[in-house]
Amino acid sequence: HRRYLRKLVKKHHPDSMFNLENYELYRRDRVKRKGGGICVYVSSKLAVQQLFVSLHCDTFEMIWLHIETSCATNFILCCLYHPPRSSFTPYTAQELIDSIDTKLQDCYSRFPNDYFVIAGDVNSLNLNCVATDHGLSQIVDKATHGNNILDKFLTNRPDLFEFAIAIPAIKTKHRVVLINCSH
C-alpha cells in the first residue's frame, strides 16, 4: 500500500533494503517533511545518468534521468510527485512548474534528439502550459483516482506509447497505470 510505504521508508533506510534483481534504484527521499519521497527502478541493462543532482533542493520531489537504450533511442525521464494539498508543500505550484520548465529547456538543448517523459502522481498540478510550451502530450485519458486523472504521463512522442489502467492488487484509491513503449 502506497501510504504504508510512504510512512515506512525513511532516509536512513539503505537502498539495499529495496533492491530488485536486475534493476537499479534511484530515489529521492522527502526532507524536512513527514512521509513522501519517490523512487524509480531502471533495468540494469541500460546506461543511466541522473541529471540535476546538484540542483536538487530539498523542496521538490523529482528525479531526472537520462536513459540510454540499446536501440539508439535515448530518453529523458522526469518522475515527480506533487501532494494533493498545497498546505503540504513548502513551494507554490508555479515554483514547481517553473523548475520543470527550466530543466526541460536545459534537457532539450543538451539532448535534442531524445524522447522526453514526465510521469507521476501530480494531483491537482496543472501541467498544460509545460505540455504546450514543450510539445508534450498527456497520454493517460482515463481516471486514475476516483473520477480524476491524477497520474500523468506526458511525452514528446505519444506515438511510441500505449497505456492501460488496471485495478491494483492492494487496497488503494489509485488505479495502476501501465505504460508500454512500442519502440
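Each remark here, short or long, concerns the structure printed above.
The model shown is predicted, which means the values in this text are computed figures rather than measured ones.

Caption draft 1: Broad picture of helix α2 (residues 93-110). Between its terminal C-alpha atoms α2 stretches 26 Å, which fits the 26 Å expected from 18 residues at 1.5 Å a residue. If you check which residues of α2 are buried, you get Leu96, Ile97, Ser99, Ile100, Asp101, Lys103, Leu104 and Cys107. Of the surrounding elements, those touching the buried residues of α2 are β3 (47-51), β4 (61-68), β5 (74-81), β6 (115-121) and α3 (128-134).

Caption draft 2: Fine view of the side chain of Arg28. Tracing the backbone shows Arg28 in strand β1 (residues 23-28). Within the structure, Arg28 has its side chain in polar contact with the backbone oxygen of Phe60 (distance 3.2 Å).

Caption draft 3: Structural view of the sheet that holds β5. Ordered in space as β3-β4-β5-β6-β8-β7, the 6 strands form an open sheet in which the pairing is mixed. Sheet topology places β3 and β7 (137-138) at the edges, where each strand pairs with a single neighbour. As paired elements, β4 and β5 share 8 bridges and run antiparallel to each other. In the strand pairing of β5, Met62 is matched with Leu80.

Caption draft 4: Summary view of the environment of Ile38. When you line up the elements, Ile38 lands in strand β2 (residues 38-43). Those residues in contact with Ile38 that lie beyond four places of it in its chain are Tyr26, Arg27, Arg28, Glu61, Met62, Ile63, Cys79, Leu80 and Tyr81.

Caption draft 5: Representation of the nonpolar core in the model. One finds Trp64, Ile100 and Ile118 to be the most contacted residues of the largest nonpolar core, which totals 24 residues. Residue assignment for this core shows that the elements contributing at least two residues are β4, β5, α2, β6 and α3. With 5 residues, α2 is the single largest residue contributor to this core. With residues near it in sequence (within four places) discarded, Ile100 still touches Met62, Trp64, Leu80, Ile118, Leu127 and Val130.

Caption draft 6: Up close: the state of the cysteines. Scanning the model with the defined rule gives 0 disulfides in all. In this structure Cys39 is not part of a disulfide, and its nearest cysteine sulfur, from Cys79, lies 7.6 Å away.

Calculation criteria
- Residues numbered from 1 in each chain as written.
- Predicted model: local features only at pLDDT ≥ 70, side-chain atom pairs only at ≥ 80, totals over all residues.
- Heavy atoms only, no water.
- Helix = DSSP H or I, 4+ residues; strand = E, 2+ residues; numbered from the N terminus.
- Expected span 1.5 Å × (residues − 1).
- Buried < 20%, exposed > 50% of the residue type's maximum accessible area, 1.4 Å probe, protein only.
- Contact = heavy atoms within 4.5 Å.
- Polar contact = N/O pair within 3.5 Å; in protein donor to acceptor, adjacent residues only side chain to side chain.
- Pairing = 2+ DSSP bridges.
- Core = buried A, V, L, I, M, F, W, Y, C linked by side-chain atoms within 4.5 Å.
- Disulfide = S-S within 2.5 Å.

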